[in-house]
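# Structural overview
Now for the letters of each chain:
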Amino acid sequence: MAEAYPWQEGLWQQLSRRERHAHAYLLHGPAGIGKRALAERLAAALLCSAPLATGAGACGQCKACLLLRAGTHPDFFELQPEEADKPIRVDQVRELVDFVAQTAQLGGRKLVLLEPAEAMNLNAANALLKSLEEPAGDTVLLLVSHQPSRLLPTIKSRCQQQACPLPGPAAALSWLAGRLPEQEGAVHRRLLELAAGSPLRALQLYRDGVLEQRLLVEEGVKKLLKQQAAPSELAEGWKNVPLPLLLDWFCEWLLLVLRFRMTGDEAGLGAPQMSKVMRYLAERAPLPAVLELQEWLLAQRQKVLGKANLNRVLLLEALLVRWASLPLAG
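How each quantity is defined
- Residues numbered from 1 in each chain as written.
- Predicted model: local features only at pLDDT ≥ 70, side-chain atom pairs only at ≥ 80, totals over all residues.
- Heavy atoms only, no water.
- Helix = DSSP H or I, 4+ residues; strand = E, 2+ residues; numbered from the N terminus.
- Buried < 20%, exposed > 50% of the residue type's maximum accessible area, 1.4 Å probe, protein only.
- Contact = heavy atoms within 4.5 Å.
- Areas by Shrake-Rupley, 256 points an atom, 1.4 Å probe, with all protein chains shown as cover.
- Lys, Arg positive; Asp, Glu negative; His and termini not counted.
- Charge placed at Lys NZ, Arg CZ, Asp CG, Glu CD.
- Pairing = 2+ DSSP bridges.
- Axes fitted to C-alpha atoms, helices over the stretch in contact; angles between N-to-C directions.
- 1 Å grid on protein atoms, 1.4 Å probe; cavity = no way out; pocket = protein on both sides within 12 Å on 5 of 7 lines; lining within 4 Å.
- Points joined across faces, edges and corners; volume = space filled by probe spheres on them.
- Right-handed = clockwise from strand over helix to strand, strands pointing away.
- Salt bridge = Lys/Arg side-chain N within 4 Å of Asp/Glu carboxyl O.
- Phe/Tyr/Trp six-rings, centres within 6.5 Å; stacked < 30°, edge-to-face > 60°.
- Lys NZ or Arg CZ within 6 Å of the ring centre and 35° of its normal.
- Core = buried A, V, L, I, M, F, W, Y, C linked by side-chain atoms within 4.5 Å.
- Arc of directions from axis to C-beta.

### Some remarks on the overall build of the chain
On a plain count of helices and strands, the chain comes out with 15 helices and 5 strands. Principal-axis analysis of the C-alpha atoms gives the chain an extent of 70 × 45 × 35 Å. By the burial criterion, 46% of the 330 residues in the chain qualify as buried. In the chain, 72% of the contacts between residues at least 6 apart in sequence involve partners at least 24 apart. Just so you have it, the chain exposes about 16500 Å², and 51% of that area is on carbon and sulfur atoms. Here the chain contributes 37 positively and 34 negatively charged side chains, and the mean placements of these two sets differ by 2 Å.

Written out as structure tokens, the structure reads:
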């Protein structure tokens, strides 16, 4: 049984108490807030042959629940990339379409869970459109998306879109502290800061060693600006840091630089670890150079998210050369 997160209770009650369900839902929100767990709970409740009292969910004991728990429910279809960070291909979606066209073997609903929806390439997304518009029989499709802006408008328009709630700071901190009781509050807060407030993502960042990676990158950026390290040296030293994370961090820092230039508010310089660096760049880098680098960086980030075949080392070297030249451009 998927975990029930306290910040989802209101939405869960809203969804689970419905007498009639949409044929397709798009559950969307930032990564790491429990959308997948919510989708799994809803899928279990919709497939259960003896659901508990209204709003309580699946019974966990009937044949449908036991089959679902064992991963052998004939009327449940799960679709995700075959490999991490790879797109969902059109052949995979065609299997989904064939499943939707079949009659439910247990005589109830058929259920499709697709995550992440934005991983579908263009052909795959187009192949899904008819099933989204007119699913055969009593079929419910649950699409989970971390980045709904990357979905085709025709996909979104065929789903009932449901924003999933982000927990408040206190709730997120309490949940994370319960999962990492051996760590101090400062670590919990730092993780949530890096995860933009998403507690499940914060926990995953901790498990992936991202705190250590972030420290490595921060120290490298400081050395770069002091001319104590070369771009090629840093690019090689950061080979174990995921490229999307690196690009996100540099995007974050550029936004802090821009915000300080616009407002002069020192409280907006970000975490203390990099606040002096942000102020140094904001005071010395001309605005056109900052905006030009931001535009370039966002373009590279989009290529990475689109799974473009880029040379990682050359991309990082180009980024670091541009970054080091910011204070010199003035």
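On we go.
### Comments concerning the sheet that holds strand E1 (residues 24-28)
Across the sheet, 5 strands lie side by side as E2-E3-E4-E1-E5; this open sheet has parallel pairing. Since the sheet does not close on itself, it has two edges, and those belong to strand E2 (76-79) and strand E5 (160-163), each with one partner. Taken over all neighbouring pairs, the strand axes of this sheet differ in orientation by 15° on average, direction set aside. Direction of pairing for E2 relative to strand E3 (residues 110-114): parallel, over a ladder of 4 bridges. Bridge assignment links Phe-77 to a residue of E3, and that residue is Val-112. Sitting on the sheet, helix H4 (residues 90-101) is in contact with E2, E3 and strand E4 (139-145), with an inclination near 165° to E2. In this fold helix H5 (residues 122-133) packs onto E1, E3 and E4, with an angle of close to 135° to the strand it touches most, E4.

### What about the layout of surface pockets?
The calculated volume of the second largest pocket comes to roughly 390 Å³. Taken together, 18 residues form the lining of the second largest pocket, with Glu-40, Ala-44, Cys-65, Leu-68 and Arg-69 sitting closest to its centre. Among the elements that take part in the lining of the second largest pocket, helix H2 (residues 35-47) stands out by supplying 5 residues, more than any other.

### A short note on the pairing of E3
Taken across its 5 residues, E3 has 5 buried, putting it largely inside the fold. Alternating positions in E3 separate into two faces, Lys-110, Val-112 and Leu-114 on one and Leu-111 and Leu-113 on the other, with burial throughout. Chirality of the crossover, the property in question, places the unit of E2, H4 and E3 among those that are right-handed. Examined bridge by bridge, E3 and E4 share 5 bridges and lie parallel to one another.

### Notes on the pattern of salt bridges
If you walk through the whole model with that rule in mind, you get 19 salt bridges. The partner of Glu-218 in a salt bridge is Arg-190, and the shortest N-O contact between them spans 2.7 Å. You can see Glu-218 sitting in helix H10 (residues 210-225) and its partner Arg-190 sitting in helix H8 (residues 185-194), a full 28 residues away along the chain. Relative accessible area serves as the criterion here: at 3%, Glu-218 is assigned to the buried category. Look at Arg-190 and you get buried, because its relative accessible area is 12%. Look at the salt bridges and you will find they share partners, linking Arg-190, Glu-193, Arg-214, Glu-218 and Glu-252 into a network.

### A word on the packing of aromatic side chains
One pair of aromatic rings is described through two measures. These are the centre distance and the angle between the planes. For the structure shown, the criterion picks out 8 aromatic pairs. Ring geometry for Phe-250 versus Trp-253: centroids 5.1 Å apart, planes at 80°, classification edge-to-face. Of this pair, Phe-250 and Trp-253 are both found in helix H12 (residues 243-263), 3 residues apart, which corresponds to roughly one turn of the helix. With a relative accessible area of 0%, Phe-250 lands in the buried category. Clustering of aromatic rings is evident, with ring pairs tying together Trp-238, Phe-250, Trp-253 and Trp-323. Residue placement shows Arg-214 over the ring face of Trp-249; its charged tip is 5.1 Å from the ring centre.

### Here we look at the nonpolar core
Grouped together as the largest cluster of nonpolar side chains are 57 residues, with contacts concentrated most on Val-221, Phe-250, Trp-253, Met-278 and Trp-323. The element best represented in this core is H12, accounting for 13 residues. Sequence-distant contacts of Met-278, defined by excluding residues within four places in its chain, comprise Trp-253, Leu-256, Val-257, Leu-269 and Trp-323.

### Points about helix H1 (residues 9-16)
Looking at H1, one finds that the buried residues are Leu-11, Trp-12, Leu-15 and Ser-16. One face of H1 carries all of its buried residues, which in axial projection span an arc of 120°. Buried residues along H1 sit against E1, H2 and E5.

### Quick notes on the pairing of E1
Taken residue by residue, a regular strand's side chains alternate between the two faces of the sheet. Counting buried positions along E1 yields 5 of 5 residues, so the element is predominantly enclosed. A two-sided burial pattern is seen for E1, the buried positions comprising Ala-24, Leu-26 and His-28 on one face and Tyr-25 and Leu-27 on the other. Pairing of E1 with E4 involves 5 bridges; the strand directions are parallel. Residue pairing across strands places Leu-27 opposite Val-144, the latter belonging to E4.

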